[in-house]
Structures are given as C-alpha cells and as structure tokens.
Amino acid sequence: LVLSLAWLGPALGGEDKDEEVVEEEEKEKKEDEVLSDEIKEEDNVLVLHEHNFARALSEHQLLLVEFYAPWCGHCQQLAPAFAQAATELRNESSPARLGKVDATAQTALATEFGITSYPTLKLFRDGNRTHPLAYTGRMDSQGIVRWMQRQAGPSATLLQDTDTTAAFVNSQDLVVVGFFKDLRGEAAQAFFEVAAEMVDMTFGVAEAAELFQAYGLSADTVCLFKKFDERQTNFPVDPARGLDTAELTRLLRIHSLQLVMEFTSETSNQIFGAKIPHHMLLFLNKSSPEQLSLQDGFRAAAGGFRGEVLFVVVDVTGHGADVLPFFGMTAADAPTLRLVKMENNRKYQMEQDNFSGSAIRTFVQAVLDGKVKPHLLSAEPPEDWDTRPVKVLVGKTFEQVAFDETKNVFVKFYAPWCPHCQAMAAAWEELAERYKDHEDIVIAEMDSTANELENITINGYPTLHYFPAGPGRKVVEYKSTRDVETFSKFLENGGTLPEEPPVSEVREQPSRPRQSPAPAG
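Residues numbered from 1 in each chain as written. Predicted model: local features only at pLDDT ≥ 70, side-chain atom pairs only at ≥ 80, totals over all residues. Heavy atoms only, no water.

J.: Any details on the nonpolar core? Residues and values, ideally.
T.: Judged by nonpolar contacts, the single largest core of 24 residues is most densely connected at F180, F191, F203, L243 and L252. Looking at this core, the elements that each hand over two or more residues are strand 8 (174–179), helix 7 (186–197), strand 9 (202–206), strand 10 (221–226) and helix 9 (245–256). Of the residues forming this core, the biggest block, 6 residues, is contributed by helix 7. With near-sequence residues (within four places) excluded, F191 lies in contact with A156, V176, V177, G178, F180, F203, G204, V205, V222, L243 and L248. (Core = buried A, V, L, I, M, F, W, Y, C linked by side-chain atoms within 4.5 Å. Buried < 20%, exposed > 50% of the residue type's maximum accessible area, 1.4 Å probe, protein only. Helix = DSSP H or I, 4+ residues; strand = E, 2+ residues; numbered from the N terminus. Contact = heavy atoms within 4.5 Å.)

Below you can see the structure in the form of structure tokens.
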C-alpha cells in the first residue's frame, strides 16, 4: 500500500504569554489525568495509558488495542472505522472491546510490546499481557468486527447430521468443513486456529462417522466446497506431519479463488491476498465480442498452474483502466498478455501475442523456467536530458551513464507523486548546481514509475544510489540525511560518510496503482 503521512501543520509563531500559560495548565491537567487508572472512552474506544492498561486487561476478556501516532496518516484514516467497530461490538454485548494507545506518548507501553510502526493492532486475551496476538484482519470496520467475533465465539460450526451438513455446504458460494475423528486432537485444534484467522470464510467441523461416509472420506480431511469450478476439493491431513496451519491457510486461499479471476474492486483483495507468486494477465476490451472469445484459450491454460500462477482477466475499459500506466500501456494495446513476477514486479511478454491455450502454457512455463527475459519499461530520453545540472535518465540510457568508468554518478530514483521526493527536489537541484562544473561527478535522476532496470530493484521512494568511477560496476546505496551539505560530504568523501551514523528517513513504498494486479512489496 502506498505510505502517506499526514504531518501536523507547522507550529504558529507569535503566541502571547497568556496563551502559553493556558497551554501549560492544560498540559499539567492532562498529566494529572494520566496518573489515574480510570478508563475513559472516546467513541466507545477505551483510551489507554501506562496507568490504566493493567485494569483494562483485567476487566475485558478480549481487548484489541491500536497503538498509534497522532501524526500518522494511516492511523487517522483508520480512526473512524475503528470507532465504528467498537460501537458495533458494544451494541451487540460482545465480550470484545477496542482500545487505543498513543505510542508516541506512552513510550513504556510501546517498548514493552515492540511497537515499531503505526498503526499496530494487538489482541489481548484473558488478561494475558505477555503473549498478545497480532491482528491479521482487514483494516475496515466490518473486517475488525468479523475478526473479533471469530475470536470471541466458536470459530467453526459443529455439524452433527447429513441434513444440517448439506444445508451448511449449500448456504454460501464457498465453505470449509473439517472432518476429524477426534475434535480434541491436535489436527482439529490446528483447524480451529485457521478458522479463527480466516474470517472471510465460513467454517464447519464434523466428527460423526456417517458424515465421513456421506462425503467419501475415511481419514481426517479438510474439504473446501464451492459453487464454481471443482465443487469439492479435499486436503487430507498427513498422519505423520499433522495439520500445518500455514500450509492449510495457503491452500484454502489458493483454491478459494476462481481458476480465472476478473480484476475488479471486489476481487482485488482476494487476488493479492492469495500471495500467488506469479500473475498471468489477459488485457481485453469487454465490449468486444471478438476479444471476449480469447478467454477460452486463457482458461484452458490456467488449470496446470494453480497455486503457482494466478490467471486474471483485466478489462481495459473498466476497473483495469487505472493499472494500464503501470504496464506502460493504453487501452489500444488490448488484447495483449503480460506475466508479472510478484516478488520484484518483473513483467514478461510474448514476442508476439498468441492466445491459444497451448501457446500460453508454453510461454508461462518458459518464464517459470527462467528462459524469458523480463520486458523493461523505458521512457524516451528528453532532448535536453544532459544539458541541465540534473541529468535525466531513462531505462535505455541508464547503463551508459551510471556505469561510465570515468564518472562518479549519484542518482535519485523517484516517483512523481511521492511527497518525500518532492520535498527533496530543491536540495537535489542545488547539489547538481554545485557540482555541474566537476568533470567526474554527475548528479542524475530517474522516474522509476516509467523506467525499469534489469539488475536494480527499487524498493521505496526516493532511493539514492551512488555509482563510483572505475571498473567493477559498484553500487552504493545512500542512507543518510537528505540535505545538500550531507550529500556534498558524501561525494567529497568518495561515496562514504565514516563519521556520521545512518539516519532512518521515511520513504514511499514502490509505485503501483491502487489495487492493481501487481505487488507493492
């Protein structure tokens, strides 16, 4: 997801003395309040701090706590949903409650619970302070409510006869039923753990012999029932290894998806949540009957790659229009195929699109076998790319400039929409102006949303890389303060800052359109 920080506005100068006194009194009043173990509420969310935290744990069987920072944009975005979820849970008399801790003020609590990013949500059960459970649900009100309900109640419905089980199986498009000879055994307990986490699916459990027989089972098995593709998928429990919760979760995620998904606002969470390592994309215009018919070959190829490659249809005139720039495409390029390797956003395409099932299968297998080179985006170099102090690099010119053995090249990799890149733009221009007459130093920049490199993966914006002169194709990542003087020291010292420890600065996450069929990292 794209990281966006909502910084507090700059402090206004010129307050008179009276205002300062009032501010100090308010601060003292707040400090006095904090010393009490009284638990106050805001919109049904418990306001927690060092002095009332233990009391909150003792009074509430299930307590989901958000550790936040007041300036954090994601925290501000979550706040209304968190409050709405707290209200819903309270209205239904659930044993689950929600609380919040300002981790920037309550540093002892933040340290105790290892809070390193915001917001962080942790579930405390039965007053246990030492082993809170990390929140794994969706960051919206319904996601929070469903996750807490699943934690509070039985995670799976007990099915006791064939009629009840048949009705349960047919009640939704997708249900999971665990068949276990012993519901108190380790395999069944592992199943309940998975059910408690996967709140977007409905789980049942059965141990009656007649139910094993009715569904053709002889040993402990988890069954996924669907109203699409194959109707029943069985995952037998290995008698030696038992039931691995992570593996079962992965299998259920994979097999709960349709063999061929259509990319929409409703399916995007499923598509990325399954964490399938490759996505094969068919871009087409759904208003064209001729292009729609290409789905037959696409579907024919999909069956052999389930779990390894997810096949997705993208309508270039619908929800998919927003993702086209990510691939350097326009709607006029449809129909066309692309394969994306999710770990690094590498994109692959056929030399010439062929939409037959056999051709698609051959292409996908060749990519998986490492026999196809990635297709790299590159903008055209501007005519004046090397006349200004900051040299403008693109994919096709990067190699000759960055790895010029006679130059020390300092490159900023940026995204046009990134506020942190915009904030340091003036410093980068000033640096380039300062060194424009140095024959052996080049200050450059590259828009990484429009240009890709084969051997360099950009994991955040801005990223600064220094390419020293000489042989060996060396690359040094700059990780210190982003100001002109520190940049200059770095350059004058040959690409190092020996006397200054690295400073952690916020960077934007890798570029991708919101909810697009490619990963953000």
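Past the structure itself, the notes keep going.
J.: So what's going on with the side chain of E66? Which residues, and what values?
T.: Structurally, E66 can be placed in strand 3 (residues 62–68). Buried E66, no salt bridge; nearest opposite-charge side chain is K100, N-O distance 6.8 Å. With residues up to four places along the chain from it excluded, the contact list for E66 reads C75, L78, F82, G99, K100, V101, P119, T120 and L121. (Lys, Arg positive; Asp, Glu negative; His and termini not counted. Salt bridge = Lys/Arg side-chain N within 4 Å of Asp/Glu carboxyl O.)

J.: Lay out helix 3 (residues 73–91) in plain terms, naming residues and giving numbers.
T.: Between its first and last C-alpha atoms helix 3 spans 28 Å; for 19 residues at 1.5 Å apiece the expected length is 27 Å, and the two agree. Taking the largest bend as the criterion, helix 3 deviates by roughly 35 degrees, centred on A79, and proline P80 comes between one and four positions later. Considered for burial, the residues of helix 3 that qualify are G73, C75, L78, A81, F82, A83, A85, A86 and L89. Next to the buried residues of helix 3 lie strand 2 (45–48), strand 3, strand 4 (96–102), strand 5 (120–125) and helix 5 (141–152). Positive phi appears at S93, one or two residues downstream of helix 3, with a value of about 55 degrees. (Expected span 1.5 Å × (residues − 1). Bend = angle between axes of the 7 residues up to and from the residue.)

J.: Describe the sheet that holds strand 13 (residues 278–284), with residues and values.
T.: As summarised here, the arrangement of the 5 strands in space is 12-14-13-15-16, forming an open sheet in which the pairing is mixed. The open sheet has two edge strands with one neighbour each: strand 12 (260–262) and strand 16 (346–348). Pairs of neighbouring strands in the sheet enclose a mean axial angle of 30 degrees, with direction left out of account. Across the sheet, helix 12 (residues 295–302) lies against strand 12, strand 13, strand 14 (309–315) and strand 15 (336–341), angled at about 165 degrees from strand 14, the strand it touches most. (Pairing = 2+ DSSP bridges. Axes fitted to C-alpha atoms, helices over the stretch in contact; angles between N-to-C directions.)

J.: Can you tell me about empty space enclosed by the protein, naming the residues and giving the values?
T.: As enumerated under the stated definition, the model contains 1 cavity of 30 Å³ or more in all. Approximately 60 Å³ is the volume attributed to the largest cavity. Together, I254, L257, Q258, L259, I276, A302, R306, G307, V309, L310 and F311 line the largest cavity. Ranked by the residues each element gives to the lining of the largest cavity, the list is headed by strand 14, at 3 residues. Across the lining of the largest cavity, the residue classes tally to 8 nonpolar, 2 polar and 1 charged. (1 Å grid on protein atoms, 1.4 Å probe; cavity = no way out; pocket = protein on both sides within 12 Å on 5 of 7 lines; lining within 4 Å. Points joined across faces, edges and corners; volume = space filled by probe spheres on them. Nonpolar A, V, L, I, M, F, W, Y, C, P; charged D, E, K, R; others polar.)

J.: Summarise the environment of R361; cite the residues concerned and give the values.
T.: Note that R361 resides in helix 13 (residues 357–368). Residue classification places R361 among the partly exposed positions, given a relative accessible area of 36%. As a C-alpha pair, R361 and A302 span 59 residues in sequence and 7.8 Å in three-dimensional space. Contacts of R361, omitting those with residues within four sequence positions, involve A300, A301 and F305.

J.: Lay out the confidence of the model for the protein chain with the relevant residues and their values.
T.: Looking at the protein chain as a whole, its pLDDT mean stands at 87, while 89% of the residues score no less than 70. Confidence scores differ between elements of the protein chain, with helix 1 (residues 17–34) showing the lowest mean pLDDT of 46 and strand 10 the highest of 97. In this model residues 1–23 is a low-confidence stretch, pLDDT under 50, and it forms 25 contacts with partners more than four residues away in sequence or in other chains. Confidence drops under a pLDDT of 50 for residues 511–521, and excluding neighbours within four residues, the segment shows 39 contacts in the predicted structure. (pLDDT = per-residue confidence, 0-100.)

J.: A description of the side chain of R338 should follow, citing residues and the corresponding values.
T.: Structurally, R338 is set in strand 15. Although R338 is buried, it makes no salt bridge; D353 carries the closest opposite charge, 4.8 Å away. Of the polar contacts made by the side chain of R338, one reaches the side chain of Q349; its length is 3.5 Å. With near-sequence residues (within four places) excluded, R338 lies in contact with H279, M280, L281, F283, F327, M329, Y348 and Q349. (Polar contact = N/O pair within 3.5 Å; in protein donor to acceptor, adjacent residues only side chain to side chain.)

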